[in-house]
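Geometric and topological summary
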Amino acid sequence: MMIKTFFLLLFSIIISAQKIQLVQLTQNIKDKSKSAKSLTIIDDREDPKIGSVSHQNVPFEIQFKDNQMENAVQEWFLSDNKKLGNTDFILRIETLKAYDEPTEKSTLGKLDVKLSSFVKKGDKYYFVSRLSDNFSFQPKYDVHIPKLTANKLSFVLSKIINETYSNPTIDVALNENELKNYEEIILKQIKSLNIETLSEGVYPDFISFLKQEPSKEYAVNKNKKGTAIGFINAKNWPVVERLFGYVENGTAFRLTPVGFLEMKKDEKGFFVISSKNALSTQVSEGMIAGSLIGGIVGGAVAGAIDSKESQSSRMQKIYIDSLTGAYILD
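Residues numbered from 1 in each chain as written. Predicted model: local features only at pLDDT ≥ 70, side-chain atom pairs only at ≥ 80, totals over all residues. Heavy atoms only, no water.

1. Observations regarding the layout of surface pockets
Put simply, the largest pocket is a space of about 1600 Å³. Residue lining of the largest pocket: 48 residues in total, with Lys159, Thr324, Gly325, Ala326 and Tyr327 positioned closest to the centre. Where the lining of the largest pocket is concerned, the elements lending two or more residues are β7 (124-137), α3 (145-166), α6 (206-211) and β12 (251-256). Counting residues per element, the lining of the largest pocket draws most heavily on β7, which supplies eight residues. (1 Å grid on protein atoms, 1.4 Å probe; cavity = no way out; pocket = protein on both sides within 12 Å on 5 of 7 lines; lining within 4 Å. Points joined across faces, edges and corners; volume = space filled by probe spheres on them. Helix = DSSP H or I, 4+ residues; strand = E, 2+ residues; numbered from the N terminus.)

2. A short note on the pattern of salt bridges
Within this structure, the stated rule accounts for 13 salt bridges. Between Arg130 and Glu183 there is a salt bridge, with the nearest N and O atoms lying 3.2 Å from each other. Of this pair, Arg130 sits in strand β7 while Glu183 sits in helix α4 (residues 182-187), and the two are 53 residues apart along the sequence. Classification of Arg130 by relative accessible area gives buried; the value is 18%. Assessed through its relative accessible area of 34%, Glu183 is described here as partly exposed. (Salt bridge = Lys/Arg side-chain N within 4 Å of Asp/Glu carboxyl O. Buried < 20%, exposed > 50% of the residue type's maximum accessible area, 1.4 Å probe, protein only.)

3. Considering the sheet that holds strand β4 (residues 58-63)
One open sheet holds the three strands; their spatial order is β1-β4-β3, and the pairing between them is mixed. Each of the sheet's edge strands pairs with one partner strand only, and the pair in question is β1 (20-22) and β3 (52-55). Strand-to-strand twist across the sheet, computed as the mean angle between neighbouring axes with direction ignored, equals 40°. In terms of strand pairing, β1 meets β4 through three bridges, oriented parallel. For Leu22, the partnering residue across the bridge sits in β4 and is Gln63. Each of β1, β3 and β4 is contacted by α3, which is oriented at about 140° to β3, the strand it contacts most. (Pairing = 2+ DSSP bridges. Axes fitted to C-alpha atoms, helices over the stretch in contact; angles between N-to-C directions. Contact = heavy atoms within 4.5 Å.)

4. Quick word on the packing of aromatic side chains
In this description, a pair of aromatic rings is defined by centroid distance and the angle of the planes. With the rule as written, the count across this model stands at 13 aromatic pairs. Ring plane angle 15° and centroid distance 5.5 Å describe the contact between Phe127 and Tyr182, whose orientation is recorded as stacked. Of this pair, Phe127 sits in strand β7 while Tyr182 sits in helix α4; the two residues are 55 residues apart in sequence, bridging distant segments of the chain. The class for Phe127 is buried, based on a relative accessible area of 0%. Judged by centre distance (6.4 Å) and plane angle (80°), the rings of Phe231 and Tyr246 are edge-to-face. With Phe231 in strand β10 (residues 228-233) and Tyr246 in strand β11 (residues 245-248), the pair connects residues that are 15 residues apart, well separated along the chain. (Phe/Tyr/Trp six-rings, centres within 6.5 Å; stacked < 30°, edge-to-face > 60°.)

5. Some words on the pairing of β12
Two elements, β11 and β12, share four bridges in a ladder whose sense is antiparallel. Counterpart to Glu248 in the pairing with β12 is Thr251. Here β11 folds back onto β12 in antiparallel fashion, the turn holding two residues, of which Asn249 has a positive phi close to 55°. Relative to strand β13 (residues 259-266), β12 runs antiparallel, the two sharing five bridges.

6. Remarks on the sheet that holds strand β2 (residues 36-43)
One open sheet holds the four strands; their spatial order is β2-β5-β6-β7, and the pairing between them is mixed. Since the sheet does not close on itself, it has two edges, and those belong to β2 and β7, each with one partner. Ignoring strand direction, the axes of neighbouring strands in this sheet form an average angle of 20°. Each of β2 and β5 (87-102) is contacted by helix α2 (residues 69-80), which is oriented at about 165° to β2, the strand it contacts most. Along the sheet face, α3 touches β2, β5, β6 (107-121) and β7 and points at about 155° away from the line of β7.

7. Points about α2
Along its 12 residues, α2 runs 17 Å from first to last C-alpha, staying within 8% of the 16 Å computed at 1.5 Å per residue. Within α2 the residues assigned to the buried category are Met69, Ala72, Val73, Trp76 and Phe77. Along the axis of α2, the buried positions cluster into a sector of 135°, meaning they face one direction only. Structurally, α2 contributes buried residues whose contacts are with β2, β5 and α3. (Expected span 1.5 Å × (residues − 1). Arc of directions from axis to C-beta.)

Here you go:
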């Protein structure tokens, strides 16, 4: 009887001593415009547990403070936003899963994240942004996988929250019970996806392209060979800020890190023909603007086009997220 009691006690101690890695929400999520009134979590996951990843074969469960994600995010939001505005923001959790993935030589730590955000006006919801990604952590390179997983989760949350403050909404009203099917509903109402001929002109941003509302304030700037090299304003001055693209003779072109690329469309949506390396090349807006002011494509852009890396990369269809305008590179 005493032996049985001892083992039961030992088992309970082992269970209670399970390793936990807390998600430290330390990134800045202050709304600089001071428009945010609230940040509400809608958790649509089937399993409320995030899961575990291992360090030196010891599993660590990834958790928020007090194992309460909603409360932890709310405290984080209120701590960084002392002065509140009038806008109610919604962060919807679709997928949040951490787990070990065995390989031939080791065990990887994995984190799958899928989030979407909205602005709530009355009882209606308006899409703002979304993020879907899969992260891998290798014991060979990453010292403490549980800590890195928790830090990555915190970073991803701060990224979409800050995007939600600043990004414009898509003007399609949704009921709360429609949030799980928001993409299907919105896509049916996006004008650029559902018309035969695109409207001619320059589009300052992705939302104006979705709505097919070109701006009259800008025009395409071309060189003597008729090649588009940027945009000009009403005073024929090169535009410093980076605009989205333009439509000419029914064909859409998007400004990318490697210059203007034609946007084509199939049943999956719009895409460009390029390489993942080329589109992930970081070319600053200032460098592009500097090249445009000089009246040529410029060293930064032309260099990116002619780079050996771009030439050696596989050319393929790179789709554009139909709701955010981001390149789908995974």
